[in-house]
Amino acid sequence: NGRVNLFVQSELNPGNGYAYTLANGTQLTGARIHKFEISRVNKRGVVHSAGMAFDTIYDRDGNEVVLPDQVNETGNGDDGLARFCGGTGIAAGTYGFVEDIHICGEESSKPFHPHGGSVWVLDVDGEALWAAPSLGRGSWENLTPFETNDPQTVGLLMGDDRGGAALLMWIGTKNGVGDQSFLDRNGLKQGTVYYWQADNGDTTPAQFNTRGSVRTGTWAPIAVIDPAMAGQPGYDAQGYKDSDTQLNEAQALGSFQFSRPEDLCANPANGQQVVLNSTGRGSLFPEDNWGTVYIVDLDLTPGALAATLTIAADSDFEPVPDAGIRSPDNIDWASNGKIYINEDRSTGLFGGATGREASIWELDPVTFDIVRVGEMNRTVLLPVG
């Protein structure tokens, strides 16, 4: 009826915020997803309803949440979910998904979670939030879908927002052996996690950098669970590896270690092309203090499981780093073919040479030309209270 549902996440720590109440009476603080039903009337936005996007939560065991420690895993009071950062809406019938979903992750690690953050999936119509443990543990920034060329599978690229983390990929099988739950129908219950490794053996931004540079690579599987290790250090009660165990294993196996992989977004005109931001972490990789933007071209032809990465922006190797894209964080690949990037200042050099505040950039994915289309003006912010 000409209305749009807008989903907004609150990136709160588990004990922050006022408590909300689930349908069964359970009260939780912490991260949450809000839903706004909006429309345009006489050229003005009208909010028809606003509130929580879910009233039921299912934990990593698939059980309905009736106690907070089913999600906070610490037993701390009414602490709930942790730090929902980026999120992606996926419409039913696209990328192989059978229902409208909103997918996000907890950008959380110790001490807020003893094992690291989980991926969470919102059943939009059912107003239920499901943990997806098979996608592994991490400090999740965002996930984006891609086309797998197989109607029985779905694919996601995942950004684990930590220094030295790998680019991860999920390929899940729909309607296989299982209970035909919401997760099972949408290919989010059973599948395989992979990490990207460069064909030439490069493992850090010290070896792969500079705008226009290209690396071919392949996807190698990594197990996210070992039931025999359940309850042991580095594993949770089900045997899932905690986020540190998983990251360290990927590094030891030769994954490419990004400075700080953040947001991702698929090309709406090419379901097997994705853009990835790595925000930069000079303390770990001096060659990537200002951040890097990568174009990921997937190759999922039969017998192949590969991807080519091309650097579309790398201010560290520009004449004036502060004049380019700095600390790239959230990102969208728009229907006009251009990529839009938010800066989230994370280096002490930010603005030092140019005096420019955090900005929004338009990036041409073919020519790599950039245009600043917006800039923060903190002087117009109104005081709170």
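As the structure is a prediction and not an experimental result, all values here were calculated from the model. (Residues numbered from 1 in each chain as written. Predicted model: local features only at pLDDT ≥ 70, side-chain atom pairs only at ≥ 80, totals over all residues. Heavy atoms only, no water.)

Engineer: Can you lay out the overall build of the protein chain for me, pointing to particular residues and giving the numbers?
Structural biologist: Per the secondary structure count, the protein chain includes three helices and 23 strands. The globule rule puts the C-alpha radius of gyration for 385 residues at 21 Å, and the 21 Å found for the protein chain is close to it. Viewed in the frame of its principal axes, the protein chain has a C-alpha envelope of about 60 × 55 × 40 Å. In the protein chain, of all internal contacts separated by at least 6 residues, the share reaching a separation of at least 24 is 53%. A gap of 6 Å separates the mean positions of the 25 positive and 50 negative side-chain charges of the protein chain. (Helix = DSSP H or I, 4+ residues; strand = E, 2+ residues; numbered from the N terminus. Rg over C-alpha atoms; globule rule 2.2 N^0.38 Å. Contact = heavy atoms within 4.5 Å. Lys, Arg positive; Asp, Glu negative; His and termini not counted. Charge placed at Lys NZ, Arg CZ, Asp CG, Glu CD.)

Engineer: Explain the sheet that holds strand β7 (residues 84-90) to me, and be specific about the residues and the numbers.
Structural biologist: Reading across the sheet, the five strands line up as β6-β10-β9-β8-β7 and stay open at both edges, with mixed pairing between neighbours. Each end of this open sheet is capped by a strand with a single partner; those strands are β6 (56-58) and β7. Averaged over all pairs of adjacent strands, the angle between their axes in this sheet comes to 20°, without regard to strand direction. Pairing of strand β8 (residues 101-106) with strand β9 (residues 119-123) involves five bridges; the strand directions are antiparallel. What sits directly across from Ile103, in β9, is Val121. (Pairing = 2+ DSSP bridges. Axes fitted to C-alpha atoms, helices over the stretch in contact; angles between N-to-C directions.)

Engineer: Run through the pattern of salt bridges, naming residues and quoting values.
Structural biologist: The tally for this structure, following the rule as stated, stands at 21 salt bridges. Its salt-bridge partner being Asp202, residue Arg215 comes within 2.6 Å of it at the nearest N-O pair. Taken together, the residues span a long stretch of sequence, with Arg215 in strand β15 (residues 214-222) and Asp202 in the loop between β14 (191-198) and β15 at a distance of 13 residues. Owing to a relative accessible area of 19%, Arg215 belongs among the buried residues under this scheme. The exposure class of Asp202 is buried, given its relative accessible area of 9%. Note that Glu249 and Lys241 form a salt bridge whose closest N and O atoms lie 2.5 Å from each other. We classify Glu249 as partly exposed; its relative accessible area is 27%. Taken together, the shared-partner salt bridges connect Arg60, Glu73, Arg137 and Asp236 into one network. (Salt bridge = Lys/Arg side-chain N within 4 Å of Asp/Glu carboxyl O. Buried < 20%, exposed > 50% of the residue type's maximum accessible area, 1.4 Å probe, protein only.)

Engineer: Summarise the packing of aromatic side chains; cite the residues concerned and give the values.
Structural biologist: Evaluated as defined, the whole model comprises eight aromatic pairs. Considering the side-chain rings of Phe208 and Phe256, the 5.8 Å spacing of their centres and the 70° angle between planes classify their relative orientation as edge-to-face. Here Phe208 is found in the loop between β14 and β15, whereas its partner Phe256 is found in the loop between α3 (243-252) and β16 (261-267), with 48 residues between them in sequence. Of the residues examined, Phe208 reaches a relative accessible area of 1% and is grouped as buried. Aromatic ring contacts, followed pair by pair, group Trp196, Phe208, Phe256, Phe258 and Tyr294 into a single cluster. Positioned over the ring face of Tyr18 is Arg32, at 4.8 Å from the centre of the ring. (Phe/Tyr/Trp six-rings, centres within 6.5 Å; stacked < 30°, edge-to-face > 60°. Lys NZ or Arg CZ within 6 Å of the ring centre and 35° of its normal.)

Engineer: Go over unusual backbone geometry with me, naming the residues and quoting the values.
Structural biologist: Note: most residues except glycine have negative phi, and most peptide bonds are trans. Despite not being glycine, Asn149 shows a phi value in the positive range, around 70°. Judged by its relative accessible area of 59%, Asn149 is exposed.

Engineer: Kindly report on the nonpolar core, identifying the contributing residues and their values.
Structural biologist: One recurring pattern in soluble globular proteins: nonpolar side chains tend to sit buried together. In this structure, Leu156, Met158, Trp219 and Val296 are the most contacted members of the largest nonpolar core, which totals 52 residues. Apart from the residues lying within four places of it in its own chain, the contact partners of Leu156 are Ile90, Phe97, Ile103, Leu135, Leu143, Thr144, Pro145, Phe146, Leu168, Met169, Trp170 and Leu188. Of all hydrophobic cores here, the second largest spans 18 residues; its members include Leu28, Ile33, Leu129 and Ala131. (Core = buried A, V, L, I, M, F, W, Y, C linked by side-chain atoms within 4.5 Å.)

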